[in-house]
2 protein chains.
Amino acid sequence: VSAGPAMQVRKAAVIGAGVIGSGWAARFLLNGIDVEVYDPDPELARKLAAVLANARVAMTRLLPDALPAEGKLVISPSVAEAVRSADFIQESLPEREDVKQSTLDQIEAAARPDVIIGSSTSGLLPSRLQSGMRHPGRFIVGHPFNPVYLLPLVEICGGAATTEATRARAEAFYRSLGMQPLSVRKEIDGFIADRLLEALWREALWLVRDGVATTAEIDDAIRYGAGLRWAFMGTFLIYRVAGGEAGMRHFLNQFGPALKLPWTRLEAPDLTDELADRIAEQSDDQAGGVSIRELERLRDNCLVSILAALRRSDFAAGATLRRYGEELAIRAPKDRARIDESQPLALHQTTVLADWIDYNGHMTESRYLEVFGNATDAVLEYIGAGPSYVAQGHSYFTVETHIRHLEEAGEGARLRVTTQILGSDAKRLHLFHALVRDADGTLLATGEHMLLHVDARARRSAAARGGVLKAVERLSKAQASLPVPRGAGRAIGAPLA
Amino acid sequence: VSAGPAMQVRKAAVIGAGVIGSGWAARFLLNGIDVEVYDPDPELARKLAAVLANARVAMTRLLPDALPAEGKLVISPSVAEAVRSADFIQESLPEREDVKQSTLDQIEAAARPDVIIGSSTSGLLPSRLQSGMRHPGRFIVGHPFNPVYLLPLVEICGGAATTEATRARAEAFYRSLGMQPLSVRKEIDGFIADRLLEALWREALWLVRDGVATTAEIDDAIRYGAGLRWAFMGTFLIYRVAGGEAGMRHFLNQFGPALKLPWTRLEAPDLTDELADRIAEQSDDQAGGVSIRELERLRDNCLVSILAALRRSDFAAGATLRRYGEELAIRAPKDRARIDESQPLALHQTTVLADWIDYNGHMTESRYLEVFGNATDAVLEYIGAGPSYVAQGHSYFTVETHIRHLEEAGEGARLRVTTQILGSDAKRLHLFHALVRDADGTLLATGEHMLLHVDARARRSAAARGGVLKAVERLSKAQASLPVPRGAGRAIGAPLA
């Protein structure tokens, strides 16, 4: 398939601007495309603005420096006005064939005849939708998923009259918006995605109807389990991996009999040898020679990243993980009593994680400061300046940092930090961290930090409060006779040039 | 339900150690519980070690400092030996009622009568499995999801003879392992999760059988779309949000008619007023008063975090996003020609993201070094020492850093960095970054860095190569007459004490 000349879309028309149409408008605008929207909703402007605001925040977070200048948004008084000068038209009306067909009629009466019309239908057949069109060759389904500005999937499905050029150009256009087109090769009600979603949804409705589970319980059954895998691997690849070393064929042998069990209201097809062979062959193609062990590691890496990301949002499985971590910390044996304050404090250990490694194949520089920052937090907690002190409006801010990078650290290395108190007064705390690799005791880096005590409400320096100040003074005194460590008080050499 | 005395599990027995049983063994061991495993597989030891190695890596990444000392693993020669001194028994045999029943018989012959037996069955009925047991009250289903050591969901389902104490104690035990128990209140084939998964899976098998789509296409239809949402919100909450401001009732009104369409082979229940009311009421309970707009923001935040996490793994939707970002960078207008090398270089801008904010309510210290590191990378790319230079085995490593934190930065602030070349020779590059808030030009921080040119293969210092060295010399010369910026060459004050 030749894509023909690349289509230059400067202006897009959005016809129908509910949740899906507004999402399209946002994706177009954030890609620098001007948009004219038509929808009869009297509250259109307010609702569009709200969706666009969400989209702008989300996409700016994802691609902080990459997005082009936003396109211009115009609300049109009619379908005709909206489509007249458009280079691409996206229709997102309710799922009624008659409504869509009559609107296509209005679109064609005003739009240029070569402009592609994409339909957001979740499952109506393009051959039927285009059947009354004057130029049906330019009609195609481009079915997105909510929120349209964030989810990459768009199903592309042509009808009998759709040209190959339309398909190729629509696919290239959607891809240029950051989307992942999935070509639906065989026209079928519900296409691919919604057939799968609809099966799950209808089974869920039966469960509610039969009083088996509530909507919340049904949602939990997905989001704490299979849903976490579905964010990056579909069912077939997941089951291939679940088959263990023997892969897909083993999985089908083991779970084939369950297809006869009443585990859903949907009857399964007969798992004939022919079907099993077809699945196993397609699954081999899909895996592309990557071993089960490698797929397991890939799956686990993705799950770890997603769980850690959800922990930051403190939501769903991330909230479970956060509570679990706190529970483990409570259960851990406490060594506080054994700390010798006359020696550098050993209060923080960690492990070099995969995403700490940069293009040079070693722990990247900002992670050194992250580890030193966590070690500083451990010291602050030790002297009583932890979260509850901060909640009372007092805190220490780092005002100056000096790091010497002496040796590299690789993924998986266990690290520990020891901290010497170089000095202090009522407002200041001068720390010197040594970062050591556990395995061989190698000194990897040093971090020297000046902290200033602040009144966090006034945002200005202030003396530390009673117990904290006493602890700082006690520690400073206990460590006063330690030798000044090598590298402390050093400046980066004078300019060389 | 009173949980009774908390159950202390020091040793667990794992009966059946395929993918699921091995996953249980790993979760138990990583929680500090000793494990005895029985499985007739002659390759058991090797396979268990492989799963445990994966689990150890994954859980250490997630909870680097929190995990207790690992439990002890013993492979038992028989079911009886494995369960004799166990405080908890988990059965993970193939999904055959007769196999499970006869093994339960062997377990009961050797285990203490009060020890709970959890079954990993995906959907067999506990009332039937426990029907021949001597002490059926201690039998319960605890159905996990692969990989058991990472996914939190465990479905808890008792049979007619299961006691409330067993249910409460099993739930508390699974929860103590970091899991999220879901109580299945009504005993039903396939419980809740597998009924949903099985409906989707059977629909997928029909699509392959009918030649509509391949296994890879079906997987893509999930992982680039709805799968990303299912990682943290189930279908009901997602559809509530999709209803827009009008919520679940609007969604049901709009998509109710589609339940009659042939969008899956599974027939839907009639969406009677009673069923619609029940769903809307349960959905209101589930949302707990959180507005649609708030849920939208929560959904978008989770999606942004997950997409960013998958971008780091360069997999699935993360790979799409990575390519999109690169494509946008290529399309962005190039300003290279306009750079005045006699002034500090302005090569990097960024935005303060939500997860850069720490407990003090401002951009956390390690993110300053991350921004400076990215600004250094922009300079390196500018002088020709970017990715392709690194691929040839040459690179610059930062060996020393000095940061002064002058002002705070809040979420959403646009930042830019300008970089002055303080000096250079064949091996060294001395940079001084100024970090400025775009909105008001406030200087937030300075970063002074000494970089050393290295032979990345030998891992030792070496002179920069031709073109790069020339660019360094040209820049140094062009900026030689700039004044030394305030704060350069400064050491952190001598010890105060």
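Up top is the structure.
Since the structure is predicted, the reported quantities are computational estimates derived from the model, not experimental observations.

### As for the overall build of chain A
So, step 1. Helix and strand counts for chain A come out as 16 helices and 14 strands.
So, step 2. A compact globule built from 497 residues would reach a C-alpha radius of gyration of about 23 Å, whereas chain A, at 30 Å, exceeds it by more than 25%.
So, step 3. Taking the principal axes of the C-alpha coordinates as reference, chain A spans close to 90 × 60 × 55 Å.
So, step 4. Taken over 497 residues, chain A has a buried fraction of 58%.
So, step 5. Within chain A, counting contacts between residues at least 6 apart in sequence, those at least 24 apart form 70% of the total.
So, step 6. On chain A, roughly 19300 Å² of surface is accessible, and the fraction owed to carbon and sulfur atoms is 51%.

### Brief notes about the interface of chain B and chain A
So, step 1. Across the boundary between the two partners, chain B contributes 194 residues, which contact 193 residues of chain A.
So, step 2. When chain B packs against chain A, close to 18100 Å² is buried across both sides, 63% of that on carbon and sulfur atoms.
So, step 3. If you sort the residues of chain B by the area they bury against chain A, Arg61(B), Trp263(B) and Ile492(B) come out on top, with a joint share of 5%.
So, step 4. The salt bridge partner of Glu408(A) is Arg459(B), with a shortest N-O separation of 2.5 Å.
So, step 5. Where chain B packs against chain A, one counts 81 residue pairs in polar contact (both at pLDDT 80 or more).
So, step 6. No other element matches helix H12 (residues 292-313) of chain B, which puts 19 residues into the side of chain B that touches chain A.
So, step 7. Residue composition of the side of chain B that touches chain A, by class: 98 nonpolar, 48 polar and 48 charged.

### A closer look at the relation of the copies chain B and chain A
So, step 1. At an RMSD of 0.4 Å, chain B and chain A line up after a rotation of 180° and a shift of 0.1 Å along the axis. These values place the two chain copies in the arrangement generated by a two-fold rotation axis. Minimal C-alpha separation from the rotation axis in chain B is found for Ala491(B), amounting to 1.7 Å.
So, step 2. In this assembly the copies share their binding face: 99% of the residues contributing to the interface of chain B also contribute to that of chain A.

### Regarding the packing of aromatic side chains
So, step 1. The final tally for this structure, using the stated rule, is 25 aromatic pairs over all chains.
So, step 2. An angle of 85° between the planes, with centres 6.1 Å apart, marks the rings of Phe251(A) and Trp201(B) as edge-to-face. Residue Phe251(A) is located in helix H10 (residues 247-255), and its partner Trp201(B) is located in helix H7 (residues 193-209); the two belong to separate chains. For the pair formed by Phe251(A) and Trp201(B), the shared burial category is buried.
So, step 3. Judged by centre distance (4.4 Å) and plane angle (25°), the ring pair of Tyr239(B) and Phe251(B) falls under stacked. Of this pair, Tyr239(B) sits in helix H9 (residues 235-242) while Phe251(B) sits in helix H10 (residues 247-255); the two residues are twelve residues apart in sequence, bridging distant segments of the chain. Each of the two residues, Tyr239(B) as well as Phe251(B), counts as buried.
So, step 4. Three or more aromatic residues joined by ring pairs form one cluster here, namely Trp24(A), Phe28(A), Phe88(A), Phe173(A) and Tyr174(A).
So, step 5. Looking at Arg223(A), its charged tip hangs above the ring of Phe315(A), at a distance of 5.5 Å from the centre.
So, step 6. Its end group placed over the ring of Trp206(A), Arg265(A) keeps NZ or CZ at 3.7 Å from the ring centre.

### Describing the sheet that holds strand S7 (residues 153-157) of chain B
Residues and elements named next belong to chain B.
So, step 1. Within the open sheet, the eight strands sit side by side as S3-S2-S1-S4-S5-S6-S7-S8. Their pairing is mixed. If you trace the sheet from one side to the other, it starts and ends with strand S3 (73-75) and strand S8 (180-183), each paired once. Averaged over neighbouring strand pairs, the angle between their axes works out to 25° when direction is ignored.
So, step 2. Helix-sheet contacts for helix H1 (residues 19-30) involve strand S1 (11-15), strand S2 (34-38), S3, strand S4 (88-91), strand S6 (139-144) and S7, and the interaxial angle to S1 is about 170°.

### Side note on helix H7 (residues 193-209) of chain A
Residues and elements named next belong to chain A.
So, step 1. When the terminal C-alpha atoms of H7 are compared, their 24 Å separation across 17 residues agrees well with the 24 Å that a helix rising 1.5 Å per residue should span.
So, step 2. Judged by how many residues are buried, H7 sits mostly within the fold: 16 of 17 residues are covered.
So, step 3. Positive backbone phi, approximately 70°, marks Gly211, located one or two places after H7.

### Re the environment of Ala332(A)
So, step 1. Within the secondary structure layout, Ala332(A) lies in the loop between helix H13 (317-331) and strand S9 (345-351).
So, step 2. Along the backbone, Ala332(A) and His348(A) are 16 residues apart, and their C-alpha atoms lie at a distance of 14 Å.

### Here we look at the pairing of S4(B)
Residues and elements named next belong to chain B.
So, step 1. Because side chains alternate across S4, one face comprises the buried residues Phe88 and Gln90, and the other comprises Ile89 and Glu91, equally buried.
So, step 2. Strand direction decides the pairing type here: S1 and S4, joined by four bridges, are parallel. Residue pairing across strands places Ile15 opposite Glu91, the latter belonging to S4.
So, step 3. Strand direction decides the pairing type here: S4 and strand S5 (residues 116-119), joined by four bridges, are parallel.

### Observations regarding the side chain of Asp39(B)
All names here are of chain B.
So, step 1. Turning to its location among the elements, Asp39 is positioned in the loop between S2 and helix H2 (44-62).
So, step 2. In this structure the side chain of Asp39 is engaged in a polar contact, spanning 2.6 Å, whose partner is the backbone nitrogen of Ala17.
So, step 3. Residues contacting Asp39, with those up to four places away along its chain left out, are Gly16, Ala17, Gly18 and Leu44.

### Looking at the pattern of salt bridges
All names here are of chain A.
So, step 1. All told, the structure shown has 71 salt bridges over all chains when counted by the stated rule.
So, step 2. Its salt-bridge partner being Arg202, residue Glu198 comes within 3.1 Å of it at the nearest N-O pair. Taken together, the residues span about one helical turn, with Glu198 and Arg202 both in helix H7 at a distance of four residues. Arg202 matches Glu198 in its accessibility class, with the two residues each being buried.
So, step 3. Each of Asp87, Arg112 and Asp114 takes part in a single network of salt bridges with overlapping partners.

### A short note on the side chain of Gln420(B)
Residue and element names in this part refer to chain B.
So, step 1. In this structure, Gln420 sits in strand S11 (residues 414-424).
So, step 2. Residue Gln420 is classed as buried on the basis of its relative accessible area of 10%.
So, step 3. In contact with Gln420, not counting residues within four places along its chain, are Pro344, His430, Leu431, Phe432, Gln479, Leu482, Pro483 and Pro485.

### Quick word on the sheet that holds strand S7 (residues 153-157) of chain A
All names here are of chain A.
So, step 1. The mixed open sheet is built from eight strands, whose spatial order is S3-S2-S1-S4-S5-S6-S7-S8. Strands at the two margins of the open sheet, each flanked by one partner only, are strand S3 (73-75) and strand S8 (180-183). Going across the sheet, the axis of each strand differs from the next one's by a mean of 25°, ignoring polarity.
So, step 2. Pairing between S7 and S8: four bridges, direction parallel. Looking across to S8, one finds that Leu153 is bridged to Gln180.

Definitions and limits used
- Residues numbered from 1 in each chain as written.
- Chains lettered and ligands numbered in written order.
- Predicted model: local features only at pLDDT ≥ 70, side-chain atom pairs only at ≥ 80, totals over all residues.
- Heavy atoms only, no water.
- Helix = DSSP H or I, 4+ residues; strand = E, 2+ residues; numbered from the N terminus.
- Rg over C-alpha atoms; globule rule 2.2 N^0.38 Å.
- Buried < 20%, exposed > 50% of the residue type's maximum accessible area, 1.4 Å probe, protein only.
- Contact = heavy atoms within 4.5 Å.
- Areas by Shrake-Rupley, 256 points an atom, 1.4 Å probe, with all protein chains shown as cover.
- Buried area = accessible area lost by both parts, 1.4 Å probe.
- Salt bridge = Lys/Arg side-chain N within 4 Å of Asp/Glu carboxyl O.
- Polar contact = N/O pair within 3.5 Å; in protein donor to acceptor, adjacent residues only side chain to side chain.
- Nonpolar A, V, L, I, M, F, W, Y, C, P; charged D, E, K, R; others polar.
- Least-squares fit on C-alpha atoms with pLDDT ≥ 70 in both.
- Phe/Tyr/Trp six-rings, centres within 6.5 Å; stacked < 30°, edge-to-face > 60°.
- Lys NZ or Arg CZ within 6 Å of the ring centre and 35° of its normal.
- Pairing = 2+ DSSP bridges.
- Axes fitted to C-alpha atoms, helices over the stretch in contact; angles between N-to-C directions.
- Expected span 1.5 Å × (residues − 1).

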